[in-house]
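Architecture at a glance
Take a look at the letters that make up each chain.
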Amino acid sequence: LHDALPICMSVNQELVHGFAKKDKYLTDGDKISFDAGCTFDGAIADSALTTFFGQPKKPEYVKLLLACEEALARGIKSIRPGKHLGRVGYEINKCAEEYGFGNIIQLGGHGLEYNKPHASPFVLNKAERNEGIILQPNMTLAIEPMLTSGSTKTWADKEDGWTICCDAEMVSHYEHSIYIHSDYCEVLT
């Protein structure tokens, strides 16, 4: 049987773990991130993407989303069995710096285990190449960069205690679940 995990919807300065509210409506140009997880017989996958409702308010906002998506691709491309996990954070941070965007480092990716959506190891969004555990075949990880247009200060929303917000004018979040084979890594989501 399929079991569903909640779909988080984070709007504008909400970075992650937001959810729909009855009295909240989207307006033209709002940023919205969708973060969804699902399970199948205990196997878990987690994925996120960011887009706009209508037309983006500034061209820089589009650039931010594209840079975050590129940071995800670079992080995934760096994954190889026998190499350090830090390569992922190194590539994500390098991409953020190249584009001049803030990089959320207090949050990050994570391991995925049967019936456990957030497991070890924590996948840093900023690290040194030779830092962290050695990647092994059969590991499943969620890689999730979060970039901002400036500030990287975050806090939990006082009303719901769950939604993580950011001081930046615009934020972006992308995520894929990956599986490490003996000689390559496969994107599952």
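It should be noted that the structure appears before, not after, this text.
As the structure is a computational prediction, the values presented were derived from the model and not from experiment.

Brief notes about a nonpolar patch on the surface
There is a patch of nonpolar side chains on the surface, built from Ile 7, Phe 34 and Leu 49 and spanning about 270 Å² of accessible area. Topologically, Phe 34 is positioned in strand E3 (residues 30-40).

Here's the deal with the sheet that holds strand E5 (residues 102-103)
One open sheet accounts for three strands, arranged E5-E9-E12; its pairing is antiparallel. What marks the edges here is a single partner per strand, and that holds for E5 and strand E12 (171-173). Bridge count between E5 and strand E9 (residues 146-148): two bridges; the pairing is antiparallel. Within E9, the residue paired with Gly 102 across the bridge is Thr 148. Against the sheet, helix H1 (residues 59-77) engages E9 and E12, with an angle of about 150 degrees to E9.

Focus: the pairing of strand E13 (residues 176-180)
Two strands pair when backbone bridges link them, and strand E8 (residues 140-143) and E13 are joined in this way by four bridges, in the antiparallel orientation. Residue pairing across strands places Ala 142 opposite Ser 177, the latter belonging to E13. Two strands pair when backbone bridges link them, and E13 and strand E14 (residues 185-187) are joined in this way by three bridges, in the antiparallel orientation. Across the sheet, the residue bridging to Tyr 179 is Glu 186, located in E14. The hairpin turn running from E13 into E14, its antiparallel successor, is four residues long.

Examining helix H2 (residues 86-99)
Note that an α-helix has 3.6 residues per turn; residues three or four places apart therefore point the same way. Between the first and last C-alpha of H2 there are 20 Å, a value that for 14 residues agrees with the 20 Å anticipated at 1.5 Å per step. Residues of H2 that are buried sit in contact with H1, E5, strand E7 (116-123), E8 and E9. Two residues or fewer after H2 comes Gly 100, characterised by a positive phi angle close to 80 degrees.

Describing the side chain of Ser 10
In this structure, Ser 10 sits in strand E1 (residues 2-11). Dropping the residues within four chain positions of it, Ser 10 is found in contact with Leu 15, Val 16, His 17, Gly 18, Lys 31, Ile 32 and Ser 33.

Section: the pairing of E8
The alternating pattern of E8 places Thr 140 and Ala 142 on one face and Leu 141 and Ile 143 on the opposite face, and all of these are buried. Looking at chain direction, strand E6 (residues 109-113) and E8 are connected through two bridges and run antiparallel. Looking across to E8, one finds that His 110 is bridged to Ala 142.

Describing the environment of Val 123
When you line up the elements, Val 123 lands in strand E7. Look at Val 123 and you get buried, because its relative accessible area is 1%. Taking the C-alpha atoms as reference, Val 123 lies 7.6 Å from Gly 111; in sequence the two are 12 residues apart. Apart from the residues lying within four places of it in its own chain, the contact partners of Val 123 are Leu 85, Val 88, Gly 108, Gly 109, His 110, Leu 141, Ala 142 and Ile 143.

About the cut-offs
Residues numbered from 1 in each chain as written. Predicted model: local features only at pLDDT ≥ 70, side-chain atom pairs only at ≥ 80, totals over all residues. Heavy atoms only, no water. Patch = residues over 30% accessible without salt bridge, like charges linked within 9 Å, V, L, I, M, F, W, Y side chains within 5 Å. Areas by Shrake-Rupley, 256 points an atom, 1.4 Å probe, with all protein chains shown as cover. Salt bridge = Lys/Arg side-chain N within 4 Å of Asp/Glu carboxyl O. Helix = DSSP H or I, 4+ residues; strand = E, 2+ residues; numbered from the N terminus. Pairing = 2+ DSSP bridges. Contact = heavy atoms within 4.5 Å. Axes fitted to C-alpha atoms, helices over the stretch in contact; angles between N-to-C directions. Expected span 1.5 Å × (residues − 1). Buried < 20%, exposed > 50% of the residue type's maximum accessible area, 1.4 Å probe, protein only.

None of the figures reported here should be taken as evidence of function without further support.
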